[in-house]
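Understanding the architecture of this molecule
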Amino acid sequence: MTRQDTQTTQRDESDAEVETLLEEMTLREKAAQLAGTYVGTMGETRTVEDAKASVRDHGIGFVTPFGYGASPHRDSTEVVEIANELQRIAREETRLGIPVLIPVDAIHGHAYVEETTVFPHNIGVAAARDRSLAEEIGTVTATEAAATGAGLTYGPTCDVAREPRWGRTFETFGESPYLCGELAAAKARGVGAATADVAAMAKHFPAYGGPERGEDASPVERSVSSLYREYLPPFEKVLAEGVEGVMPSYNSINGEPSHGSSHWLSSVLRDELGFEGYVASDWNGINMLHENHNVTRSQRESIHRSFTAGVDVHSLGGADHADHLVSLVEEGRVDESAIDTAVRRVLRLKSDLGLFEDPFVDAASSAETLGDQSHRKVALDAARKSMTLVQNDDDRLPFDPELGEVLVTGPNADELTSQVGGWSLKEDDELDGTTIREGIESVTGPETTVRHERGAGIDEGDDLDAAVAAAEEADAAVVVLGENWYLHEFGPQDVNGPTDQFPNRAQLTLPAAQRDLLEAVHETGTPTALVLVSGRPLAVPWAADNLDAVLQAYYPGEEGGLAVAETLFGRNNPSGKLPISVPRSAGHLPVRHDYLPHPYPIGDDEHLPSYDPLWEFGHGLSYTDFDYRDLSVADESLAADESVTVSVTLANTGERAGEEVVQLFGGREYASVVTPVEELLDFRRVSLDPGEETTVEFDVSADAFEVVRPDGTGRFESGPLSLRCESLDASLEAVADESPEAVADD
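All of the points below concern the structure found in this document.

Cut-offs used in this document
Residues numbered from 1 in each chain as written. Predicted model: local features only at pLDDT ≥ 70, side-chain atom pairs only at ≥ 80, totals over all residues. Heavy atoms only, no water. Helix = DSSP H or I, 4+ residues; strand = E, 2+ residues; numbered from the N terminus. Rg over C-alpha atoms; globule rule 2.2 N^0.38 Å. Buried < 20%, exposed > 50% of the residue type's maximum accessible area, 1.4 Å probe, protein only. Contact = heavy atoms within 4.5 Å. Areas by Shrake-Rupley, 256 points an atom, 1.4 Å probe, with all protein chains shown as cover. Lys, Arg positive; Asp, Glu negative; His and termini not counted. Charge placed at Lys NZ, Arg CZ, Asp CG, Glu CD. Pairing = 2+ DSSP bridges. Axes fitted to C-alpha atoms, helices over the stretch in contact; angles between N-to-C directions. Bend = angle between axes of the 7 residues up to and from the residue.

Examining the overall build of the chain
What the chain contains, in helices and strands, is 22 helices and 29 strands. A globule of 746 residues ought to have a C-alpha radius of gyration of about 27 Å, and the chain, at 26 Å, matches this closely. Counting only C-alpha atoms, the chain reaches 75 × 70 × 55 Å along its principal axes. Split into buried and exposed, the 746 residues of the chain put 60% on the buried side. When contacts within the chain are restricted to residue pairs at least 6 apart in sequence, long-range pairs at least 24 apart make up 78% of them. When the accessible surface of the chain is summed, it comes to about 28,000 Å², and 43% of that surface belongs to carbon and sulfur atoms. Across the chain, the 56 positively charged side chains and the 136 negatively charged ones have centroids separated by 4 Å.

Below you can see the structure in the form of structure tokens.
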């Protein structure tokens, strides 16, 4: 028997067991499998004992007792005990012994549990442009989640960041639909390859990353064509990897909240995209239908609308959700066969994860797995590759590690909580990592004095005079500015603080206290490098005009302090490329590389260019020199359903070994509708020694040049195509079958 035959047999047996169990279940037991609960404070406080009671008394199918921000449970030993006890109750103290599924918010590693590996956030991983790295991160994340008894990670994030003021920008892989799709798919592959015990959930379907005003969960008011061109492609790629779950977005689109839209959740997600897994609400997303969107009158009506639209599981619904579903069936408003379909998806997933066979985890094995040195090496590799040198005039960097004295200053210079960012533990004694100050101390010479003066807080001053005095004595100054940790709409670290406190969505510039520190240190004449630790692209025009060296570090994770230090002092040759354009100010937004062309009715010379960023998408410098030559296309034309080979020669003409991300852009010179001026088509990370060169080849599909029409459908059209790699250009001709019959079929 072949492996495929074996898998088919196992699936048939599993399906038979699921059907047998489904036949034994009462309507109330079925409805309970479609409801979840949690431990922590989310509107009201719920304890572990409450969760146990929900499982024992109501047969709730999902429990999140740890692994998210409001949960009090962080110790790795404790979370294993909680997971095992919940499973024991489900297996031994309920009528049918159906195990629970435990989801976690493992956005950048299993970072809400102590002793785990905390990676750079996705925006930094996107800067690394490394599919295999993203896959490794998925594998480590799933491995560590499984070791604590979790069976589902809420990710990968498929959102495309089209509004950089948005507080969840750092969770995305940037502004390019292609880049987001490639890396989210790679991360999903990693989760799937790690263990059969953890499922992945693509989020937030269908469009979340372009909210009005940058306000979290506000409407995404976009055309149908832009939704299909900009937001859906990452989901299509991730669904092709076989992810088990999909989570809707909080916002409304075209007047319909995603959680209550049968168009998006049934017609598009299931019928058009072919998704067969289960759909789970984003926490309070169902109640938002009546509490915020005002499209229903009550929780009961919200449950009816969301379920009939296509939401299988209410993540926070608890016993009330089950009660409402039962009564809706009894009243004839919901067909029990629809309940069966949703429950079947849940039971199949639990069966596939092996929960019916053995839902328990071993505490000793868990302790050995979490934070394993091989896992931390992946985190360090990710942080190194993410480092993006956006400015280095006069080769200011790298600094000499044997300098006499180095000043390290700024609110993020010695602050691990800011460095790891949101969706992580927040107390110093819970975090295990290296700050930037500590990293610099470890890479500089034994005779070098590293002096730390904070100089400023995130939004307030802090002994600026001491920092300036230290800068005057130093041979080099590293000023580490940016943002502290936050979630969603820049909370919840101080929900009672002033509404204009930085960071906020109205301000992309550094606050006055940080600007004052940077300018004062610069005025001393000491060679200065600015390091930005932030979740969004910050507008820093003064720094661009006055400083020689600027390094974008994103939220680099627990090993990020070492990666930053290695980059500043030459041990790591930076190779990151910006995953999102950096604007000159919030007033310049939107600024993205794949903008749509438009007329200039009163003359080009009287307007700033449409795309005029401080640093453009894809920009990133190195300590060595790379020379691009001979961009060529294997064929002069490209037909639908075909692909073409594009090649370019890359040479390292500098004196250091280095890695370069070769990026291929392309676009149409004209089409039947307005299309982006250019889009990222592909990328390859290449490592070259000094004097070495190589030929990089891209296999470009005709699908990359598909024209998205106003109704969202795509069509391959004839016409000239343009290609760009660095400063090199090439072209070819698209040849489409445009006979009346073909157009009609299309």
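What follows picks up the thread again.
A short note on the sheet that holds strand E5 (residues 103–104)
In spatial order, the strands read E5-E6-E7-E8-E11; together these five strands make up an open sheet with parallel pairing. Among the strands making up the open sheet, the edge pair consists of E5 and strand E11 (278–279). Note: strand E7 (residues 199–205) against strand E8 (residues 245–248), four bridges, orientation parallel. Bridge assignment links Met201 to a residue of E8, and that residue is Gly245. Where helix H8 (residues 224–239) meets the sheet, it contacts E7 and E8, and its direction lies at approximately 165 degrees from that of E7. Sheet contacts for helix H9 (residues 262–272): E7, E8 and E11; angle to E7, the most-contacted strand, approximately 125 degrees.

A short note on the sheet that holds strand E24 (residues 679–688)
The five strands are arranged E21-E29-E28-E23-E24 in an open sheet whose pairing can be described as mixed. Because the sheet does not close on itself, it has two edges, and the strands there are strand E21 (637–639) and E24. Here the strands of the sheet are splayed against their neighbours by 25 degrees on average, with no regard to which way each runs. Judged from the seven bridges that link them, strand E28 (residues 719–725) and strand E29 (residues 728–735) form a sheet pairing that is antiparallel. Residue pairing for E29: Leu721 is matched across the bridge by Leu732.

Let's talk about H8
Considering bend angle alone, the principal kink of H8 is centred on Leu232 and spans about 55 degrees; proline Pro233 follows within four residues of it. Counting buried positions along H8 yields 12 of 16 residues, so the element is predominantly enclosed. Inspection of H8 places Ser225, Ser226, Leu227, Tyr228, Arg229, Glu230, Tyr231, Leu232, Pro234, Phe235, Val238 and Leu239 among the buried residues, and these make up the whole buried set.

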